[in-house]
Amino acid sequence: MTDKNGFFDLSKTGLTRRTALKGLAAGAGLAVAPGFVRYSQAQSSAPIKIGFQSHRTGIGAAYGRWYERTTAAAVKAINEAGGINGRPVEVIIEDDGTDPGRGAEVVGKFATQHKTDIVFGTLFSHVVIGSAPAAGEAKMPYFVVSEGHHVASTKLNRYVFQPGITDVKSQIQAMAPWIAANAGKKVTQIFPDFAFGYDHRDYLPPALKAQGAEVIAQIAIPPTESSFTKYFPQIPAETEVIYHVMVGPAVLTFVKELGEFYGSNRPQLFGFIDSLEATDINSPGLEFLDGSHFWEGSPRYAQPSDSAAQKAYRAAVGIDDNGAAVGDPKDVSTAAHMFGCWETLYVVKKAMEDAGYKGPEDRAKLVEATEALTEFAEGPEHPQGPKTFNGKIHQCFGIQNISKVEGGRLNVVHKTKIEDGLYEPEGDYTSQAL
Amino acid sequence: MKEASPAKAYALHLGVIALLFALNFVLPEYHHGLLARIMVLAVFAMGYNMLFGYVGLLSLGHAMFFSAGLYGAGLAVIHLGWSVPAAFAAGLACGALLALVIGVLALRTSGVAFMIVTMMFAQVFYLMILYFASWTGGDQGLVVPQSARVLVFGSTSLSLTNPTMRYMSALVLFSIVLLVTLAVVRSRYGRVLVAIRENEERTKMLGYDTFSNKLAAVVVSGTICAASGAAYALLFGYVGSTFASVQYSILPLLWVLLGGAATTLGPLIGTLFMYYVVDITSGYTSAYLLIVGIALILLVLFFPKGILGTIRQRWLGWLP
């Protein structure tokens, strides 16, 4: 038994309080001195730090939760397979509140406080657009999983990439051939009167026209609306297909009221699953959707045709055959989008390895290496399907799924080709200085 | 409230400005960037305080003045290719004009009705931004190109994206607004505003035209908020409808209440406090707004007049 006063008793060590404090201060100073970690730890073993800008709170919280789970699963798989360039990957999460102002601050925090190698993960378009200037100014590679057309529009900057999920312009364009051939030639669009709806308003009509079909009415619904019945008489009687992309909590009311309006004799319905991500397709009020079709990036429900890579991905992320969390059937995933996190991280791994990435001083090399990528083969790293990548517009292109609501689940009835979603580039990021 | 000696008050404010100037050289990179943003938003809070603190008019629509400056400056650069000073002036002009129009209409009401009317006007402004999406970028917003955010002096060009340049620009704006606010509240006009707040009927009976004075206060307040919005667009490169939403009308109210309504430095303290509470707590829990809420309750209990307001009441009666 030692003297109970002995351990911290400075008088017995010959140390004075002053020298002890000096020593402590010197130690603390050394620990926080720039470069301390680098000098003391071989760079080859220091982790690659990825700043994850997550929608933990705000309107995007359901997406944020699943993006975090998918990211954790991908990072675990990458680390178990040896990491990136032999270095482990560490993810640092900051909540952006699904707010563009906070988003920009978070990017700044990753760049200057956490000193991450890249920033990754953002979904909502306004947060991406709000954060992009901060990423460009900090020369911080910013890999988003947003599906917005903003990256491919080349209106952002050279440091912003979207290599893991297709953009909405491509998705809409790829839907047109199937709609014209299988659902009908006369289409009425119902969409929210803000940017997400405008993408559909602007890109669908020319895509359908090219397929010999036409949009005969466009009904924009103000974002403040909570009841929709008064808009339905505007739907022309000759409508063969209603193309709907309502989003947010109002979607349940929208579907219910549409059902009450039409009864059993309705036109074909086609929608984007964005409306119902993280929502059980069997929720009360959604019965009217039975027999209708949806776009899905990656299928929510397990399909008989699922590849081994798709099965392994679903198991790793922890979703059951119905696309809900294993053990909690009410916790429905955002399956149509979240695969983008998994695939983006593997693109980052590939680009970092191609660039021989060692640290933040190699960020420009990482940008160029990412731009040099052209194809991603389907497999464990890209379970959603094969993709091509256009380095000039920093955007990938891939296959899309069209699923039918049958017996309370979504069954994939058609997979598009990559070519269905290709369009002429609108600019060239590589002409911008690094 | 004791009569403040002018020298003491100005010395304090110049001291705060000097401290912020000195911080430019010592702050770590992240806090340096954050403080630049806080100073710009503190200007927003100071504009709000001008109306709420000194005139006693509680507006729930000040996000429209901030975003009038934000869009006025941002869209002038994006669509018209204007230079930074011209765009900043455009932002100010938009804010001043909007404040004049809104003031004329909203000042026909008072109390709760004033809150509702200002909130409704702000909602109209917000929905107009969404409606004219082809110009404003709608809810997604627009990026102000990095190449356009440059101050040109003859052959010298200074990029506002440079951290030091950005910090100094924010400090210059903050300092000007702080000193102008101090001068206004110490002036005869400032006394009239306080008189209106304390007893409008009596002020009228003393022969003052309270409507004109209040209208002038709305315009000054709106212009200051627009200056903050214009600076935000030019310094941080993004304009978006989120900044016109009701949340950004509530925030300056919270910042001012926290720091101390009707104190010149309160808005800075409140903005600083709120920013750091959110920044630190969000690193530990996604329930950080709960912590913010608890902090607010504690402040109301122990600092009912805000941080500086309570300090003034208890210890430093001369604080302006």
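Refer to the structure presented above.
No experiment lies behind these values; they were computed from the predicted model shown.

Peer 1: What exactly am I supposed to notice about the overall build of chain A here?
Peer 2: Looking only at helices and strands, chain A has 11 helices and 17 strands in total. Residues counted as buried form 49% of the 434 residues belonging to chain A. Of the contacts formed within chain A by residues at least 6 apart in sequence, a portion of 68% connects residues at least 24 apart.

Peer 1: Before we go on, may I ask you to explain the interface of chain A and chain B in this structure?
Peer 2: Size of an interface: often given as the accessible area lost when the parts come together. With 29 residues of chain A in contact, the opposing surface of chain B contributes 22 residues. Elements with a minimum of two residues in the side of chain A that touches chain B: helix H4 (100-114), helix H5 (125-137) and helix H7 (195-209) of chain A.

Peer 1: I keep staring at the environment of Lys404 of chain A and nothing clicks. Help me out?
Peer 2: Residues and elements named next belong to chain A. Locating Lys404 in the fold gives a position in strand E16 (residues 401-406). Judged by C-beta crowding, with 16 C-beta atoms within 10 Å, Lys404 ranks as partly exposed. Note: C-alpha distance between Lys404 and Phe270 (134 residues apart in sequence) is 9.3 Å. Not counting residues up to four positions away in its chain, the partners in contact with Lys404 are His293, Asn411 and Val413.

Peer 1: Can you help me understand the environment of Ala135 of chain A in this one?
Peer 2: Residues and elements named next belong to chain A. Relative to the assigned elements, Ala135 resides in helix H5. Residues Ala135 and Gly391, 256 residues apart in the sequence, show an inter-C-alpha distance of 18 Å. Among all residues touching Ala135, those that are not within four sequence positions of it are Val107, Val119, Met140, Tyr142, Tyr159 and Val160.

Peer 1: Before we go on, may I ask you to explain the pairing of strand E1 (residues 48-54) of chain A in this structure?
Peer 2: The side chains of a regular strand alternate, residue by residue, between the two faces of the sheet. All names here are of chain A. With six of seven residues buried, E1 lies mostly within the body of the structure. As paired elements, E1 and strand E2 (residues 89-95) share seven bridges and run parallel to each other. Directly across from Ser54, in E2, lies its bridge partner Asp95. Taken together, the three bridges between E1 and strand E3 (residues 118-120) define a ladder with parallel strand orientation. In the strand pairing of E3, Gly51 is matched with Val119.

Peer 1: Would you mind showing me how to read the nonpolar core here?
Peer 2: Proteins that are soluble and globular tend to have nonpolar side chains buried together. Within the largest apolar cluster, 212 residues are counted, with the highest numbers of intra-cluster contacts made by Val107 and Ile179 of chain A together with Val43 and Leu234 of chain B. By residue number, the principal contributor to this core is helix H2 (residues 29-55) of chain B, which donates 18 residues. Two domains share this core, each providing at least three of its residues, namely domain 1 (48-166 + 337-398) and domain 2 (169-296 + 403-412) of chain A.

Peer 1: Explanation requested: the sheet that holds strand E9 (residues 268-272) of chain A in the structure shown.
Peer 2: To summarise the sheet geometry, strands pair through backbone hydrogen bonds and adopt either a parallel or an antiparallel arrangement. All names here are of chain A. Pairing in this open sheet of seven strands is mixed, and the strands run E7-E6-E8-E9-E10-E16-E17 from one edge to the other. The open sheet is flanked by strand E7 (214-221) and strand E17 (409-415), the only strands paired with a single partner. The mean angle between the axes of side-by-side strands here comes to 25°, regardless of whether they run parallel or antiparallel. Here strand E8 (residues 241-244) pairs with E9 via four bridges, running parallel. By the bridge assignment for E9, Ile242 is matched with Leu269. The sheet contacts of H7 involve strand E6 (186-192), E7 and E8, and relative to E6 the element is tilted by about 165°.

Thresholds, definitions, all that
- Residues numbered from 1 in each chain as written.
- Chains lettered and ligands numbered in written order.
- Predicted model: local features only at pLDDT ≥ 70, side-chain atom pairs only at ≥ 80, totals over all residues.
- Helix = DSSP H or I, 4+ residues; strand = E, 2+ residues; numbered from the N terminus.
- Buried ≥ 20, exposed ≤ 12 C-beta atoms within 10 Å, placed from the backbone.
- Contact = placed C-beta atoms within 7 Å.
- Pairing = 2+ DSSP bridges.
- Core = buried A, V, L, I, M, F, W, Y, C linked by C-beta atoms within 7 Å.
- Domains from an automatic or database assignment.
- Axes fitted to C-alpha atoms, helices over the stretch in contact; angles between N-to-C directions.

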